[in-house]
Amino acid sequence: MITLKDINKTYPGIVPLHVLRDINLHIDKGELVSIMGASGSGKSTLLNILGILDNYDSGEYWLDGVLIRNLSENRAAELRNRMIGFVFQSFNLISYKDAVENVALPLFYQGVGRKKRRMLAMEQLERVGLAERAHHLPGELSGGQKQRVALARALITNPSIILADEPTGALDSKTSKEVMQLFRDLNTDRNMTIIIVTHDPGVGEQTSRIIRISDGQITV
Amino acid sequence: MIDLANEIWQTMRNNKLRTALTGVAVAWGIFMLIVLLGMSRGVVNAFDANMGKRGSNAINIYPGVTTEAWHGYKMGRYIQLKDGDKDVLESRGDNKIGRVTAKVYGQSMTLSTDRDYAMTYYEGVFPSELSRSGTTMVAGRFINDADIDQKRKVIVLSLKMAESLFANPEKSIGETVRFGNLSFLVVGVFDSRWSRQVYIPYSTARMLAGNTDNVNQLVVELDNVRTLEDGIAAERTIRNTLASIHDYNPQDESAVYFWNQFNQHLQMNTGMSILNITVWVIGIFTLLSGIIGVSNIMFVSVKERTHEIGIRRAIGAKPHSILTQIILESVSITTLFGYFGIILGTALTAVIGHFIGEQDGFLNPGVDLSIAFEVTVVLILAGAMAGMFPALKALKVKPVEALRDE
Ligand SMILES: Nc1ncnc2c1ncn2[C@@H]1O[C@H](COP(=O)(O)OP(=O)(O)OP(=O)(O)O)[C@@H](O)[C@H]1O
Ligand SMILES: [Mg+2]
């Protein structure tokens with residue numbers, strides 16, 4: 001599903017920062033992996049590259065047989081929309097849209113009709129157990145609920161990969177467990193490829209493989 | 001489309017203050033543009049109503065006094081125009097000089113009927129005087145050629161005069177008015193609220209004046225003239241011809257006076273277009289400051305929404321979707337509030353038109369459909385411009401960076 005060959009990334013600046021050094025990585029379809037490492041080790045940078053939100057300086061990134069390099073912004077947007085679902089630590093919901101509108105938004109950019117969008121969004125909200133909160137604004141939801149809305153939004157386009165950057169970072173241990181349970185169910189029931197960046201060893205334990213990264217290099 | 005409208009509506013509602021500020025800036029700009037255009041329209045209308053109808057191809061010549069000695073004459077000599085001048089001018093054979101007529105002014109006269117009497121003065125004129133002066137008839141007819149040939153004692157009254165001498169202007173036609181021991185047949189009434197003069201046939205007026213050859217004004221109708229230069233050339237020919245008849249220095253500008261209606265008309269028209277252009281320029285600049293305001297606020301608002309735009313791009317919004325949304329949002333704000341400005345501006349011009357009414361130099365201010373249409377086009381373009389630059393700038397930010405922006 002995902003193959004990285006000698007990926008390097010440097011943040012330019014007065015003191016250029018070489019964040020990713022010769023990353024080689026292969027993740028199969030249907031894997032549930034976690035990326036762990038110290039703060040500043042380059043986990044988010046790696047995940048953003050995987051999500052085509054950021055570019056890399058050298059190497060090759062193959063996503064489902066497609067070489068991700070120098071894509072036009074249109075092509076990148078399309079791949080993000082169809083293949084990738086994002087879950088962020090800070091949820092990244094749009095504050096003035098209610099839960100169902102937030103979940104439906106990716107379909108808006110696919111040109112799906114309004115009624116169908118709503119219906120599919122409600123389905124996803126039901127899956128994450130939030131159907132009765134459909135018309136609440138993000139501000140009216142708890143952290144766990146927000147993260148479940150975000151997960152529903154990531155799932156609505158039926159992507160092949162879910163990328164989650166510290167999805168439980170802002171949640172307490174109980175809600176963390178619930179959210180992790182959702183990820184595990186998705187992985188087993190729908191054979192989705194899921195990559196989770198985390199600091200929490202408890203989260204790491206629940207994944208089938210832990211990728212450890214230190215100073216921009218994969219150590220395990 | 002409905003979805004997009006909904007998206008725009010949501011963001012507008014979510015940024016109420018911003019929307020209101022932008023809106024006010026645009027509404028104000030448009031309001032000013034409309035009021036200015038409406039006012040200038042009033043001036044143009046008044047011009048058309050007063051002067052526009054007046055014949056625009058005549059040169060009028062009035063007697064003057066020489067300021068230079070010439071051929072043994074001393075300066076300060078009064079140049080008396082003669083009836084014979086018109087034939088000499090016509091026989092010049094200049095292709096710019098068409099028909100030449102003349103006018104004789106009478107001293108003040110008292111007209112009376114059984115009902116009332118009134119002081120007035122007469123002008124002895126040719127039939128062409130009607131179109132030259134731009135007056136219109138409200139009843140009966142104007143002086144005609146037969147009146148001139150037969151030196152008829154017929155008279156054309158002004159509306160005011162007809163009203164005071166006869167109860168009803170319509171009924172005055174066919175009645176007679178007394179002037180000293182003469183009586184004149186009223187053949188027509190012309191439309192004038194401010195003029196008290198009356199018209200009689202040129203030949204009759206000469207007879208009243210004691211059959212002298214003296215005339216008070218020559219009227220040269222121009223042919224084949226297009227430009228200001230043509231008008232000046234015709235003037236030159238006339239001046240030279242008259243100078244040779246009356247033996248004065250053709251360069252002496254005061255020997256006879258000219259009123260070149262043709263050139264005046266051209267200049268007035270130019271003046272009116274300049275007025276119109278000026279108003280548009282001022283209006284557009286006022287509007288422009290509104291647009292710059294919109295653009296500024298759009299910049300700020302797009303900047304504020306960097307994070308949101310980042311989210312949208314992360315979930316797959318293509319650049320053109322973002323671009324369209326921001327531009328349409330800006331266009332919606334400008335047109336929506338612009339129309340508010342149009343309505344207010346139109347209302348104000350209507351109110352002004354109502355209160356000032358038909359004063360000199362001002363008539364029916366207001367905006368017509370074509371202006372509203374032009375302004376709409378301006379609004380849409382302006383809105384698009386105001387939205388486009390911030391949107392393009394927003395798209396330069398990479399999705400990661402946009403997401404990192406809090
Ligand atoms: N846009 C940027 N410009 C310059 N340096 C950056 C930028 N983004 C991240 N960095 C630096 O790159 C390094 C790796 O950052 P990254 O966010 O990938 O770390 P991380 O492993 O996700 O850390 P954390 O666990 O704290 O989230 C850090 O030292 C960070 O300061
Ligand atoms: Mg991170």
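Right above here is the structure, for reference.
Definitions and cut-offs
As a convention, each chain's residues are numbered from 1 in the sequence order in which they are written. Going through the entries in the order they are written, you letter the chains from A and number the ligands from 1. Totals for whole chains, interfaces and linings use all residues, but because this is a predicted model, local features are given only for residues with pLDDT of at least 70 and pairs of side-chain atoms are given and counted only at 80 or more. Neither water nor hydrogens contribute to the side-chain values; these are computed over all heavy atoms in the structure. In this description a helix means any DSSP run of H or I spanning at least four residues, a strand means any run of E spanning at least two, and both kinds are numbered starting from the N terminus. Type-normalised accessible area, obtained with a 1.4 Å probe on protein chains alone, sets the label of each residue: buried when under 20%, exposed when over 50%, and partly exposed for intermediate values. Every residue pair with non-hydrogen atoms within 4.5 Å of one another is taken to be in contact. Per-residue accessibility takes into account occlusion by the displayed protein chains alone, with areas from the Shrake-Rupley method and a 1.4 Å probe. By this rule, a helix spans an expected 1.5 Å times one less than how many residues it contains. Within this analysis, the arc is defined by the directions that extend from the helix axis to the C-beta atoms. Under this scheme, a helix contributes an axis fitted over its contacting stretch, all axes are lines through C-alpha atoms, and angles between N-to-C directions fall in the 0 to 180 degree range. To sort the angles, those under 35 degrees are grouped as roughly parallel, those over 145 as roughly antiparallel, those from 65 to 115 as roughly perpendicular, and the leftovers as oblique. Should the near helix be turned counterclockwise from the far one by less than a right angle, the crossing is left-handed, whereas a clockwise turn marks it as right-handed. Throughout, the term near means that a residue has one or more heavy atoms lying within 4 Å of the molecule or strand in question. By the criterion applied in these results, polar contacts are pairs of N or O atoms within 3.5 Å in which, for protein atoms, one can donate a hydrogen and the other can accept it, and in which residues neighboring in sequence qualify only through two side-chain atoms. Only protein atoms enter the 1 Å grid used here, on which a cavity is any set of points holding a 1.4 Å probe that cannot leave and a pocket is any open set flanked by protein within 12 Å on both sides along at least five of seven lines; residues with an atom within 4 Å of a point are listed as lining. Grid points are joined across faces, edges and corners, and a volume is the space filled by probe spheres set on the points. The residue classification treats Ala, Val, Leu, Ile, Met, Phe, Trp, Tyr, Cys and Pro as nonpolar and Asp, Glu, Lys and Arg as charged. All others, Gly included, are polar. Paired strands are those between which DSSP finds at least two bridges. One side-chain nitrogen of Lys or Arg within 4 Å of one carboxyl oxygen of Asp or Glu is enough to make a salt bridge.

Participant: What is the right way to look at the overall build of chain A in this model?
Facilitator: Of the regular secondary structure elements, chain A holds seven helices and ten strands. Taken over 220 residues, chain A has a buried fraction of 55%. Residue pairs at least 24 apart in sequence account for 71% of intrachain contacts in chain A once pairs closer than 6 positions are excluded. Total accessible area computed for chain A in this model is approximately 9,500 Å², and 48% of it derives from carbon and sulfur atoms.

Participant: When you look at the overall build of chain B in this model, what are you seeing that I'm missing?
Facilitator: The helix and strand inventory of chain B stands at 14 helices and ten strands. Split into buried and exposed, the 406 residues of chain B put 50% on the buried side. Pairs at least 24 residues apart make up 77% of the contacts formed inside chain B by residues separated by at least 6 positions. Put simply, chain B shows about 19,300 Å² of open surface, and 60% of that area lies on carbon and sulfur atoms.

Participant: What is the right way to look at helix H4 (residues 114-127) of chain A in this model?
Facilitator: At 3.6 residues per turn, the α-helix brings residues three or four places apart onto the same side. Look at H4(A): 20 Å from first C-alpha to last across 14 residues, which is about the 20 Å you get at 1.5 Å a residue. Restricting attention to buried positions, one finds in H4(A) the residues A:Arg117, A:Ala121, A:Gln124 and A:Leu125. One side of H4(A) carries all its buried residues, which in axial view fall inside an arc of 100°. Exposed and facing more than 90 degrees away from the buried side of H4(A) are A:Lys115, A:Lys116 and A:Glu126. Contact partners of the buried residues in H4(A): helix H3 (99-108), helix H5 (143-155) and helix H6 (173-190) of chain A together with helix H1 (2-14) of chain B.

Participant: Help me understand the packing of helix H9 (residues 228-246) of chain B against helix H10 (residues 261-304) of chain B in this model?
Facilitator: Helix-helix packing is characterised by the crossing angle of the two axes and by the distance between the axes. Residue and element names in this part refer to chain B. Two elements in contact, H9 and H10, have axes whose closest approach is 9 Å; the angle formed by their N-to-C orientations is 160°. Here H10 runs roughly antiparallel to H9, going by the angle between their axes. Note on packing geometry: the crossing formed by H9 with H10 is left-handed. Across from Leu228, Gly231 and Ile232 in H9, the residues of H10 making contact are Phe262, Asn263, Leu266 and Gln267.

Participant: Sorry, what's going on with the site of ligand 1 here?
Facilitator: Around ligand 1 there are 14 residues in total, and A:Ser39, A:Gly40, A:Lys43, A:Ser44 and A:Thr45 lie nearest to it. Each of chains A and B places residues near ligand 1. A distance of 2.7 Å separates an oxygen atom of ligand 1 from a polar side-chain atom of A:Lys43. Measuring from an oxygen atom of ligand 1, one finds a side-chain N or O atom of A:His199 at 2.8 Å.

Participant: Looking at this structure, how should I read the layout of surface pockets?
Facilitator: Rolled over the atoms, a probe with the dimensions of a water molecule shows which regions are left empty. The computed volume of the second largest pocket comes to approximately 410 Å³. Surrounding the second largest pocket, 19 residues form its lining, A:Ser44, A:Asn48, A:Phe88, A:Asp165 and B:Arg404 being those nearest its centre. Elements represented by at least two residues in the lining of the second largest pocket include exactly helix H1 (43-50), strand S6 (84-88) and strand S7 (161-165) of chain A together with helix H14 (399-404) of chain B. No other element matches the four residues that H1(A) contributes to the lining of the second largest pocket. Taken together, the residues that form the lining of the second largest pocket break down as nine nonpolar, six polar and four charged.

Participant: So what exactly am I meant to see when it comes to the pairing of S6(A) here?
Facilitator: The side chains of a regular strand alternate, first on one face of the sheet and then on the other. Within S6(A), five of the five residues are buried, leaving the element largely enclosed by the surrounding structure. Of the two faces of S6(A), the one carrying A:Ile84, A:Phe86 and A:Phe88 and the one carrying A:Gly85 and A:Val87 are both buried.

Participant: Before we go on, may I ask you to explain the sheet that holds S6(A) in this structure?
Facilitator: In any sheet, the strands associate via hydrogen bonds between backbone groups, in a parallel or an antiparallel arrangement. Residue and element names in this part refer to chain A. One open sheet accounts for six strands, arranged S6-S7-S8-S3-S9-S10; its pairing is mixed. In the strand order of this sheet, the two ends are held by S6 and strand S10 (217-218), each with one partner. Relative to S7, S6 is paired through five bridges, and the arrangement is parallel. Counted as the bridge partner of Phe88 is Asp165 from S7. Sheet contacts for helix H2 (residues 73-83): S6 and S7; angle to S6, the most-contacted strand, approximately 80°. Packing against the sheet, H5 makes contact with S6 and S7, and its axis sits at approximately 170° to S6.

Participant: Would you mind going over the pattern of salt bridges with me for this structure?
Facilitator: Pairing is possible between side chains of opposite charge, provided their charged atoms come close. Using the criterion set out here, one finds 23 salt bridges over all chains in the structure. Through salt bridges with shared partners, one network takes in B:Asp83, B:Lys86, B:Arg206 and B:Asp213.

Participant: Explain H9(B) to me, please; I cannot follow it from the model alone.
Facilitator: Taking 1.5 Å per residue, 19 residues should reach 27 Å; H9(B) reaches 27 Å between its end C-alpha atoms and fits that length. Close packing links the buried residues of H9(B) with strand S1 (58-63), helix H3 (84-90), strand S2 (97-112), strand S9 (217-222), strand S10 (256-260) and H10 of chain B.

Participant: How should I be thinking about the side chain of A:Lys97 in this particular structure?
Facilitator: Looking at the element boundaries, A:Lys97 is found in the loop between S6 and H3. We classify A:Lys97 as buried; its relative accessible area is 2%. Leave out the neighbours within four places in its chain, and A:Lys97 touches A:Asn102, A:Leu105, A:Leu137, A:Pro138, B:Glu7, B:Gln10 and B:Arg312.

Participant: I'm lost on the side chain of B:Ser203 in this one. Help?
Facilitator: Relative to the helices and strands, B:Ser203 is located in helix H8 (residues 202-208). Dropping the residues within four chain positions of it, B:Ser203 is found in contact with B:Asp147, B:Ile148 and B:Lys151.

Participant: When you look at empty space enclosed by the protein in this model, what are you seeing that I'm missing?
Facilitator: All chains considered together, the criterion is met by five cavities of 30 Å³ or more. The volume enclosed by the largest cavity comes to roughly 180 Å³. Forming the boundary of the largest cavity are A:Lys97, A:Glu101, A:Ala104, A:Leu105, A:Phe108, A:Arg114, A:Arg117, A:Arg118, B:Asp3, B:Asn6, B:Glu7 and B:Gln10. At the level of secondary structure, the elements contributing two or more residues to the lining of the largest cavity comprise H3 and H4 of chain A together with H1 of chain B. Considering only residue class, the lining of the largest cavity consists of three nonpolar, two polar and seven charged.

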